[in-house]
Amino acid sequence: MVKVKELPREEYIERGHAACGGCGATIAIRHALKALGGNTILTVPACCMSVIQGLYPKNGLSIPVLNTAFMTSGAAASGIAAGLKHLGKDKEINLMAWAGDGGTYDIGIQALSGAAERQTNFIYTCYNNAAYGNTGMQRSGATPYGSYSTTTPTGKRQHRKPMARIMAEHGIPYTGVISAAYPRLIYDTYKKAKDIVGTRFIEIHIPCPTGWRYPTWDTVNMGKLAVESGAWIMWEREGDEYRFLGRSKLIAEGKVQRKPLIDWIKPQGRFRFLLKDPGMMAEYERGIEREWEIMKRLVGC
Amino acid sequence: MPKVVSVSGNHAAAWAARTAEPAVIAAYPITPQTTIVEKIADFVEGGELSSQYVRVESEHSAMAACIGASALGLRTFTATSSHGLALMHEMLHWAGRARLPIVMPVVNRAMGPPWNIWTDHTDSMSQRDTGWIQFYASNNQEVYDTVLMLFRLSEDPKVLLPSMVCLDAFILSHTFTPTTVYEHKEIRDFLPDYKAGHWKLDPKDPMATGNIAGPEYYYELSYAIHEGFEAARKLIPRVVREFEKHFGRSHGGFIDTSRCEDAEVILWAMGTMGEEATLAVENLRQQGIAAGSARLRVFRPFPVEQIQKLASKAKAFVVVDRSLSYGHTGGQATEIRSALYRGNNRIPVQGVVAGLGGRDVTQTDLEKLIQVGFDVADKGEAGPEIFYGLKR
Ligand SMILES: Cc1ncc(C[n+]2csc(CCOP(=O)(O)OP(=O)(O)O)c2C)c(N)n1
Ligand code: SF4
Ligand SMILES: [Mg+2]
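Residues numbered from 1 in each chain as written. Chains lettered and ligands numbered in written order. Predicted model: local features only at pLDDT ≥ 70, side-chain atom pairs only at ≥ 80, totals over all residues. Heavy atoms only, no water.

A.B. asks: Can you help me understand the environment of arginine 346 of chain B in this one?
C.D. replies: Residues and elements named next belong to chain B. Note on placement: arginine 346 falls in the loop between α11 (331-341) and β16 (349-353). Measuring from C-alpha to C-alpha, the distance between arginine 346 and lysine 245 comes to 36 Å, with 101 residues separating the pair along the chain. Leaving out residues up to four positions away in the same chain, arginine 346 has contacts with Leu340 and Tyr341. Of the polar contacts made by the side chain of arginine 346, one reaches the backbone oxygen of tyrosine 341; its length is 3.0 Å. (Helix = DSSP H or I, 4+ residues; strand = E, 2+ residues; numbered from the N terminus. Contact = heavy atoms within 4.5 Å. Polar contact = N/O pair within 3.5 Å; in protein donor to acceptor, adjacent residues only side chain to side chain.)

A.B. asks: Looking at this model, I keep getting lost on helix α4 (residues 82-97) of chain B. Mind explaining?
C.D. replies: In an α-helix, one turn spans 3.6 residues; hence positions three or four apart end up facing the same way. Residues and elements named next belong to chain B. Compared with the 22 Å implied by 1.5 Å per residue over 16 residues, the 22 Å span of α4 between its first and last C-alpha is a close match. Turning to α4, its buried residues are Ser82, Gly84, Leu85, Met88, Met91, Leu92, Ala95 and Gly96. In the core, the buried residues of α4 are packed alongside α3 (59-70), β5 (80-81), β6 (103-108), α5 (122-125), β8 (163-168) and α8 (215-247). Looking one or two places after α4, you find arginine 99, whose phi comes out positive at around 60°. (Expected span 1.5 Å × (residues − 1). Buried < 20%, exposed > 50% of the residue type's maximum accessible area, 1.4 Å probe, protein only.)

A.B. asks: Help me out: how do you make sense of the pattern of salt bridges in this one?
C.D. replies: Opposite charge on two side chains lets them pair, provided their charged atoms get close. In the structure shown here, the tally under the stated rule is 35 salt bridges over all chains. A salt bridge links glutamate 236 of chain A to arginine 243 of chain A; the nearest nitrogen and oxygen atoms lie 2.4 Å apart. Classification of arginine 243 of chain A as partly exposed rests on a relative accessible area of 26%. In this structure, arginine 300 of chain B engages glutamate 335 of chain B in a salt bridge whose closest nitrogen and oxygen atoms are separated by 3.0 Å. Taken together, the residues span a long stretch of sequence, with arginine 300 of chain B in strand β14 (residues 298-300) and glutamate 335 of chain B in helix α11 at a distance of 35 residues. The two residues arginine 300 of chain B and glutamate 335 of chain B agree in class, both being buried. Where salt bridges share partners, they join Lys192, Glu236, Glu238, Glu241 and Arg243 of chain A into one cluster. (Salt bridge = Lys/Arg side-chain N within 4 Å of Asp/Glu carboxyl O.)

A.B. asks: I would appreciate a short explanation of the packing of α3 of chain B against α4 of chain B in the present structure.
C.D. replies: Any two packed helices are characterised by the angle at which their axes cross and by the distance between the axes. All names here are of chain B. Close contact between α3 and α4 brings their axes to 7 Å; oriented N to C, the two are set at 25°. Looking at the two axes, α3 sits roughly parallel to α4. In terms of crossing hand, the pair formed by α3 and α4 is right-handed. Mapping the contact onto sequence places Glu59, His60, Ala62, Met63, Ala64 and Ile67 in α3 and Gly84, Leu87, Met88, Glu90, Met91, Leu92, Trp94 and Ala95 in α4. (Axes fitted to C-alpha atoms, helices over the stretch in contact; angles between N-to-C directions. Parallel < 35°, antiparallel > 145°, perpendicular 65-115°, else oblique. Left-handed = near helix turned anticlockwise from the far one by under 90°.)

A.B. asks: Where do I start with the packing of helix α3 (residues 73-87) of chain A against helix α5 (residues 109-117) of chain A in this structure?
C.D. replies: Residues and elements named next belong to chain A. The contact between α3 and α5 brings their axes to 6 Å, and the two run at 35°. For the pair α3 and α5, the contacting residues are Gly74, Ala75 and Ser78 in the first and Ala111, Leu112 and Ala115 in the second. Residues belonging to the contact of α3 with α5 are distributed by class as follows: 4 nonpolar, 2 polar and no charged. (Nonpolar A, V, L, I, M, F, W, Y, C, P; charged D, E, K, R; others polar.)

A.B. asks: Hey, could you run me through the packing of aromatic side chains in this one?
C.D. replies: The geometry of an aromatic ring pair is captured by two quantities: the separation of the ring centres and the angle between the planes. Counted under the stated rule, the structure contains 22 aromatic pairs over all chains. A ring pair is formed by tyrosine 56 of chain A and tyrosine 217 of chain B, whose centres lie 5.0 Å apart and whose planes are at 80°; its orientation type is edge-to-face. A residue pair is termed interchain when its members come from two chains, as with tyrosine 56 of chain A in the loop between α2 (48-52) and β2 (65-67) and tyrosine 217 of chain B in helix α8. Taking 5.7 Å as the distance between ring centres and 80° as the angle between the ring planes, the aromatic pair formed by phenylalanine 190 of chain B and phenylalanine 247 of chain B counts as edge-to-face. Of this pair, phenylalanine 190 of chain B sits in the loop between α7 (184-187) and β10 (208-209) while phenylalanine 247 of chain B sits in helix α8, and the two are 57 residues apart along the sequence. Across the pair, phenylalanine 247 of chain B and phenylalanine 190 of chain B agree in class, each one buried. One aromatic cluster is present, formed by Trp212, Tyr214, Trp264, Phe271 and Tyr284 of chain A through successive ring pairs. Here the basic side chain of arginine 18 of chain B rests over the ring of phenylalanine 43 of chain B, its NZ or CZ set 4.8 Å away from the ring centre. (Phe/Tyr/Trp six-rings, centres within 6.5 Å; stacked < 30°, edge-to-face > 60°. Lys NZ or Arg CZ within 6 Å of the ring centre and 35° of its normal.)

Worth remembering: the numbers are spatial, not functional.
Written out as structure tokens, the structure reads:
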């Protein structure tokens, strides 16, 4: 793992960007871009990142950005990838789509699936804050069971889609599932992904104080607790091989105990209905256990 | 050397893509456009066209992919029809507002339900306000030539707007006629390589496009698009002239007129119906009837002055639309009336809706409608809209 002092000094997301205080997405893009470097083209659909960039005529990202419509990041990237190939620059310029969970799990899944099936040469990042942040926290296919959102005001009654597994099953060369709470792992993951040719799907769990309803200073802790409690599992698939990553690996190998789920859930206002309803809580836990079983089977441990 | 090939309107469109050599083509099949994407696949896989060909999974993605490629400063092409065009709608706005000179043949086909694959202009008419230049062609050669002219027009640094050439389903798309085509090197004097001067996605000169702009900027950005259309209005006659100089052909400017100089009644129509109208006019002229026809070739930018000029000599217009804005009238009639109201010659305009969903409109039908125009001219006012040939 990269050491903190080895991280490149260059910044590609500038001070003065427009994210909420304590936003996990800025940690994520900051370290992803440190790994990719400035020779990178970014395409961004409607999501928090379209706001975080800041207002025209300025932009808080110091790489070229094509903002595009909500459902199109996979398709817009396909066009850019084709153009880069035409120019003979597909090996020298990195191409990344940076979309939210709504733009990935829901409205953008078709274009993304198409791009992956066509073996489009790009990195697709789904930064998953588990709701539609841009429009004020409505449910998405990534919102966890039991979570409040403005369109599930008494708690969501469906589990999250296994989006990263769906992408891995496209047969793409790299799939990674990580968290904004571990910047060095973000850096290493993008460093690795950078040198792989083809569609690379990386999902980053994004603690979001505005949506999850916890204090802005607690973002890293919230991200870590999700992993430590087992609610968020970090893994990667390179070629046909699945591996657990970071803390999730230690949990899977039985080297550390999972923290109680309640430690993660309790500080978050979005789980207030779940906390009051043991039936819902049990169902949420059942979903998490099922995820672990499937992932352990895939990893082979 | 130019060669004459026997092609359908769709193959003429594919040939035009081959001649223009876009860097990237992204397209999705839909009847009756399919033979365009199939022919392009043949060209690409046969090594006759070097474009990157992205076989996307939807029309929405086709336009998004064109937008991505065009934003790199590259020539891009796609084609669609009807439901495919409707699915693209969001991205048509995006391409127009991002000022990306994508060129797209649109095979005019009816919208469902019920499913109907025959010609109807309502699909492209409903894209009027998306920031796309719109041409309508009346024969296969015109389809081919217009694609080349549109690349030239769209890629002009003062214009920088996407453009579509519309062709009637089956009547053109699937009907074979001899058409003169060229190889890429033979047209480069007329159509040089596209060089994006304004901005492009380039890590050496990083710029963002499309991030949030509030009320203090949006209006000016919209007006700049309007200026692009005004620049296109100025440039269209020059592009038409230069095309004629290079290739010896013209299909008219904004409007392809026939016998309008001394016509008392002028019949307006778009696409193949406009070509049919010239035959109707010839027949009536032989009977000593002072008829003329005007085929509207360019719908955006809308040729207001040219229409006002034609009204200065005529006594009445009959405007036949193969489209209907339900609750009002056809797209052409609405716009022609608005053009005349702004001028001094507010002659009566008889609106006619005909040929929806591919119903045949014959030369005889058009002759009858011109005769109606003479009654209108006598009365000095138009009647209610005519829903011609409607069975009730
Ligand atoms: C076609 C379309 N439908 C709806 C919207 C409104 N919209 C913009 S962003 C957004 C939610 C984005 O959620 P997500 O992808 O999770 O990103 P986040 O905002 O959470 O970062 C929605 C619903 C839109 N821009 N376009
Ligand atoms: S809503 Fe959440 S993800 Fe979006 S900018 Fe605010 S903190 Fe970041
Ligand atoms: Mg989200």
